[in-house]
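# A structural walkthrough
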Amino acid sequence: MATTILGVINNIPIIGWVVVLGSLLAAVLSGVIFWQDMTRRSNLIFFMLGIAVLLWGLCYAFFEGSTGGPFALAGVIALYGAAAIVPIFLFLFFYTFSVIRKELHFLTFAELFIPYFAIVGILIFFPSFIVERQEIYDGTFSSIVVGKGFYSYALYVLIFLIAGIVLLIKKYRASAGIFRVAIRRMLITVSLGYFGAVVTSLFSPLFVGGSDLFWGGHIAAIIMIFVAALIVIKYNYWDIKVVATEFFIAIIVLIMILEIFYANTTGDLLVKTAITILVVLSCAFLGGSVKREIESRDKILHLSQDIDMMTKRLKVLDKKKSEFLAIASHHLRDPLTTVKGYSSMLIDGSFGELPERMKESLGKIFDSSERLLTMISDFMDISRIESGNMSYVFSVVNLKNIILEIAEEMRQVAMRSHLALEVIIDEGILSNVAFLTEGDEGKLRQVISNLIDNAIKYTPKGEVSILLSKSPDSKKILFSISDTGIGMNDATKEKIFKKFSRAEGVSKVYTEGSGLGLYVASEVIKKHGGRIWVESKGEGHGSTFYVELNAKV
Ligand code: ADP
């Protein structure tokens, strides 16, 4: 029989210490969970629940140690008083779990504690109403004799526990996905835990008569806290390794703090305190940096997932855009061809001779419809290139003939812009070099026309010269077109073969460009196994475009 507090502590049986240690670990774990995200109300409540379980465990140890002695009554009051807090926090935890930032009004919070204070009041002032006495048989076996009010106490506990379960079931029904899984796990854990705790702690004094099974309720509650912590970690996508590390750090720090109390001399006390402070500081520093690193890693992971999703969406949109372009271009081309055809017939006098001024206006209509048609055909080419539907018909093509024909057609345009157009065919001394290549004639014509057209468009004054030559080994044919026009800087050279790319400020020289011609040209030349590039000495110094193709041998 223990007559002093120290005696009580000495009297605590092994199972009492096991409960104290287990509930201490549960409290530390709940603290670590709270540390992960202090802004979450449910984490704070979980921490409080951990503390309540610890208090209950300590009171149980005190109760066990005080059996039969002068502190026996205090032990009973402490045990039942502490046990009554646990159901409230369990209920509150379920209330806030899975709710992001639910405000818990102070009033609701306080209201929940009213019955608790009533219970504590009764326990203190009329203890025998709930628990009449604690009896000892043979100095070891202790028995709880319950009072009349014990049933109300049991009812109070059960109401909170059942309300918690009902709340969880409601949430389970209303939730989906990860929330549903988390709440289902929580429900299973809690149901098992409740069963164990209620049978061993609440009903055993009624039916068995003894307090020998009380420890079972504690172990059930401790296991419940650990499993609930795992569910919370999974639910929040926290890194379990980080939480585990912090948990072990917290235990180490706790042990070191306890060590301080066992210091024998002042020197020992100082050294232990200093070491503890150092460890706490370095752990806080280490823990913080690990957490930050993991947070940024998670952020990067989420960002890369977002980018993946965006890329997929953009690909779908891009495909839809190409389809739209193909359809729209097709419907625009037919009426435009009619406009172009009739304006040409009117200019030619097919419907009778027209006055000069009218011819001039019709010429503008003709030019504009032609430009629009080129643009539309570029758009159609783009959608064909992107959908992989651009078809090529390869045959032997005489580049010399093509260039001479196109140059002849464009001469008029160049003259209108007051530009000289010169064509040089480097046929060698004997004039017997053939400029044959394997290619799609229509597409090669399109590329060459486009390059000559560009040279004229972007040359306000001067000349445009075309040169066709062969490499010394006769394996390559080189077509180049030089102008004395606006030229370009390095940045422009880099980008003009890309889709929709135009030089900065070029619209001042020529407004209507779409930035597609060179992209189509480079795709076509690529398909021919050739090369296309540009050289320029800078803005205002003209440009030279080169096309190199394989010669047919
Ligand atoms: P567009 O002429 O319709 O804008 P292109 O793809 O044919 O489209 O040309 C892309 C850009 O390359 C032009 O907008 C222009 O900035 C530049 N460019 C093309 N040819 C020349 C040239 N001969 N001299 C200077 N800049 C040129």
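Throughout what follows, the structure given in this document is the object of discussion. Numbering of residues begins from 1 in every chain and follows the order in which that chain's sequence is written. Only residues with pLDDT of at least 70 get local features here, since the model is predicted, and only at 80 or more are side-chain atom pairs given and counted; chain-wide, interface and lining totals rely on the full set of residues. For the side-chain quantities, the full set of heavy atoms in the structure was used; hydrogens and water were omitted.

## Some thoughts on the overall build of the protein
Strands here are runs of E lasting at least two residues and helices are runs of H or I lasting at least four, both read from the DSSP assignment and numbered beginning at the N terminus. Summing up its helical and strand segments, the protein has 17 helices and nine strands in all. Based on the C-alpha atoms only, the size of the protein along its principal axes is roughly 130 × 60 × 40 Å. Two residues form a contact once any of their heavy atoms are found within 4.5 Å. For the protein, restricting intrachain contacts to residue pairs at least 6 apart in sequence, the fraction spanning at least 24 positions comes to 70%. Reported accessibility uses the Shrake-Rupley method at a 1.4 Å probe radius. Residues are deemed covered only where the shown protein chains occlude them. Summing over all exposed atoms, the protein offers an accessible surface of approximately 30,600 Å²; the carbon and sulfur share of this is 66%. If the 53 positive side-chain charges of the protein are averaged to one point and the 50 negative ones to another, these points end up 5 Å apart. We count Lys and Arg on the positive side and Asp and Glu on the negative side, and we leave His and both chain ends out. By convention, the charge on Lys lies at NZ, on Arg at CZ, on Asp at CG and on Glu at CD.

## Structural notes on the site of the ligand
The immediate surroundings of the ligand are formed by 22 residues, with Asn 454, Tyr 458, Arg 502, Ser 514 and Leu 518 found nearest. Under this definition, polar contacts are N or O atom pairs within 3.5 Å; protein pairs additionally need one hydrogen-donor-capable and one acceptor-capable atom, and for neighbouring residues in sequence, both atoms have to be side-chain atoms. Take Ser 514: an N or O atom from its main chain is 2.9 Å from an oxygen atom of the ligand. At a separation of 3.3 Å, an oxygen atom of the ligand approaches a polar backbone atom of Gly 515. Those elements that provide at least two residues to the shell around the ligand are helix H15 (441–457), helix H17 (517–527) and strand E9 (543–550). For the shell around the ligand, the element with the most residues is H15, which contributes four residues. Think of it as three bins: nonpolar holds Ala, Val, Leu, Ile, Met, Phe, Trp, Tyr, Cys and Pro, charged holds Asp, Glu, Lys and Arg, and polar takes everything else, Gly as well. Split by residue class, the shell around the ligand holds 10 nonpolar, nine polar and three charged. Note on definitions. A residue lies near a molecule or strand when any single heavy atom of the residue is within 4 Å of it.

## A closer look at the pattern of salt bridges
What makes a salt bridge here is a side-chain nitrogen of Lys or Arg within 4 Å of a carboxyl oxygen of Asp or Glu, nothing more. Here the structure, examined in full by the defined rule, presents 19 salt bridges. The partner of Glu 386 in a salt bridge is Lys 499, and the shortest N-O contact between them spans 2.2 Å. Pair noted here: Glu 386 is in helix H13 (residues 356–387) and Lys 499 is in the loop between helix H16 (490–495) and H17, with a separation of 113 residues, a long-range link. The exposure class of Glu 386 is partly exposed, given its relative accessible area of 27%. For Arg 531, the salt bridge goes to Glu 548, with nearest N and O atoms at 3.4 Å. With a gap of 17 residues between them, Arg 531 in strand E8 (residues 531–536) and Glu 548 in strand E9 connect regions that are remote in the sequence. Looking at Arg 531, the relative accessible area reads 45%, which means it is partly exposed. Several salt bridges share partner residues, and in doing so they unite Asp 318, Lys 321, Glu 386 and Lys 499 into one network. Here the term buried applies to any residue with accessible area under 20% of the maximum for its type, exposed to any over 50%, and partly exposed to those in between, with areas from a 1.4 Å probe on protein chains only.

## Considering the sheet that holds strand E4 (residues 419–425)
Strand pairing requires that DSSP identify at least two bridges connecting the strands. Spatially, the five strands line up as an open sheet ordered E4-E6-E7-E9-E8, and their pairing is mixed. This sheet does not close on itself; its edge strands, each paired only once, are E4 and E8. Direction aside, the axes of adjacent strands within the sheet are offset by 15° on average. Looking at chain direction, E4 and strand E6 (residues 462–470) are connected through seven bridges and run parallel. In the sheet register, Leu 419 faces E6, and the bridge partner there is Gly 462. Sheet strands in contact with helix H14 (residues 399–416) are E4, E6, strand E7 (476–483) and E9, and its direction is about 170° off that of E4. Axis definition: a line fit to C-alpha positions, over the contact stretch in the case of helices; interaxial angles, taken between N-to-C directions, run 0 to 180 degrees. Strands in contact with H15 are E4, E6, E7, E8 and E9; relative to E7, the strand with the most contacts, it is inclined by about 25°.

## Some words on a nonpolar patch on the surface
Distance thresholds for patches are 9 Å for like charges and 5 Å for nonpolar side chains (Val, Leu, Ile, Met, Phe, Trp, Tyr), applied to residues having over 30% relative accessible area and no salt bridge. Taken together, the side chains of Ile 5, Leu 6, Ile 9 and Trp 17 present a nonpolar region at the surface, about 410 Å² in accessible area. If one sorts the elements of the nonpolar patch by residue count, helix H1 (residues 5–11) sits on top with three residues. Exposure remark for Ile 9: the relative accessible area of 38% places this residue in the partly exposed category.

## Describing empty space enclosed by the protein
The pocket and cavity definitions rest on a 1 Å grid over protein atoms only: a 1.4 Å probe that fits but cannot leave marks a cavity, an open set with protein on both sides within 12 Å along at least five of seven lines marks a pocket, and residues lining either have an atom within 4 Å of a point. Grid points are joined across faces, edges and corners, and a volume is the space filled by probe spheres set on the points. Across all of its chains, the model carries three cavities of 30 Å³ or more by this definition. There is about 370 Å³ of room inside the largest cavity. What lines the largest cavity is a set of 30 residues, and nearest its centre among them are Trp 56, Ala 83, Val 86, Pro 87 and Ala 197. Only helix H3 (41–66), helix H4 (72–83), helix H5 (85–96), helix H8 (150–174), helix H9 (177–207) and helix H10 (214–235) provide two or more residues apiece to the lining of the largest cavity. It is H9 that provides the largest number of residues to the lining of the largest cavity, a total of nine residues. Grouping the amino acids of the lining of the largest cavity by side-chain chemistry returns 26 nonpolar, four polar and no charged. One number sums up the size of the second largest cavity: a volume of about 40 Å³. Counting residues per element, the ones that place at least two in the lining of the second largest cavity are H15 and E9. Element by element, the count of residues in the lining of the second largest cavity is highest for H15, at three residues.

## As for the layout of surface pockets
Within this model, the second largest pocket holds a volume of roughly 500 Å³. Around the second largest pocket, the lining comprises 16 residues; the ones closest to its centre are Asn 236, Tyr 237, Trp 238, Glu 295 and Asp 298. Among the elements of the structure, helix H11 (240–261) and helix H12 (266–348) are those that each provide at least two residues to the lining of the second largest pocket. No other element matches H12, which puts seven residues into the lining of the second largest pocket. Along the lines of polarity and charge, the residues of the lining of the second largest pocket split into six nonpolar, three polar and seven charged.

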